[in-house]
Amino acid sequence: LPLYKNNGMRNIVFCNLLMVLMLSTAARAFVVSRAPLRVAGAMDTSHQPKLNLPSFTRLMMSSQAPDESIVDICKGKISAALGTEDVVVTGAYDDPNGSHISIKVVSDKFEGKRMVQRQQLVYKALWEELKGPVHAVDSMICKTPSEE
């Protein structure tokens, strides 16, 4: 911002104008213009904005059995995708159904791949869970059997 020495009043006015501009721009982003539409004998809601949000129930459910924890589901999906049983998935803060998980995987499929490519394979296996019940992967360790 171009603030000037010995021009205290000009700086205050400039900052106030900048703040008003930012606030008015932000306010316009949240305003939805609705023109009331009257139809005789029926309630027309076509003028209302349509929200295309998935239901909370669908977000928090997985395609697996309901008595299986999200940690178990993630472990199974990683094992299946990478062809290994050497998978450890833990819920953050000892919460098996928490939204944060930590992962350790040892797989032959990581051979010759960079760390980012290894992590991409794991994220691909968990894609559905990451869109719903799993909020974040706090840590991920991906190794080959020779690195173990």
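### Things to note about the confidence of the model for the chain
Consideration 1: In the predicted model, the chain carries a mean pLDDT of 74, and 59% of its residues have values of at least 70.
Consideration 2: Note that residues 32-37 has pLDDT below 50 and, in this model, eight contacts with residues that lie over four places away or in other chains.
Consideration 3: Counted against residues more than four places away or in other chains, residues 50-62, with its pLDDT under 50, gives eight contacts.

### Some details on the environment of Ser107
Consideration 1: Relative to the helices and strands, Ser107 is located in the loop between β2 (100-106) and α4 (115-125).
Consideration 2: You can call Ser107 buried: its relative accessible area is 1%.
Consideration 3: Expressed as a C-alpha distance, the spacing of Ser107 and Lys143, which sit 36 residues apart in the sequence, is 6.5 Å.
Consideration 4: Here Ser107 is in contact with Leu82, Thr84, Lys143, Thr144 and Pro145, once residues within four sequence places are set aside.
Consideration 5: Engagement of the side chain of Ser107 in a polar contact is seen with the backbone nitrogen of Lys109, the distance being 3.1 Å.

### Here's the deal with the nonpolar core
Consideration 1: The biggest cluster of nonpolar side chains holds 19 residues, and the ones touching the most others in it are Ile78, Val89, Ile101, Ile103, Val105 and Val122.
Consideration 2: Here this core takes six residues from helix α3 (residues 70-82), the largest share from any one element.
Consideration 3: Here Ile103 is in contact with Ile78, Val88, Val89, Val122, Leu126, Val137, Ser139, Met140 and Ile141, once residues within four sequence places are set aside.

Conventions we followed
For every chain, the first residue of the written sequence is number 1, and numbering continues from 1 onward in sequence order. In view of the model being predicted, local features appear only for residues whose pLDDT reaches at least 70, and side-chain atom pairs are presented and counted only at 80 or more, with totals across whole chains, interfaces and linings using the full set of residues. To obtain the side-chain values, all non-hydrogen atoms of the structure were used and water was disregarded. The predictor attaches a confidence to each residue, and that confidence, scored 0 to 100, is pLDDT. Between two residues, a contact is recorded if the distance between any of their heavy atoms is within 4.5 Å. Secondary structure elements follow DSSP: runs of H or I of four or more residues count as helices, runs of E of two or more count as strands, with numbering from the N terminus. Relative accessibility thresholds used throughout: buried, under 20% of the residue-type maximum; exposed, over 50%; partly exposed, between the two (1.4 Å probe, protein chains only). Contacts described as polar in this section are N or O atom pairs within 3.5 Å, which, within protein, must combine one atom able to donate a hydrogen with one able to accept it, while residues neighboring in sequence count only if both atoms come from side chains. Think of a nonpolar core as a cluster: buried Ala, Val, Leu, Ile, Met, Phe, Trp, Tyr and Cys residues, connected wherever their side-chain atoms sit within 4.5 Å.

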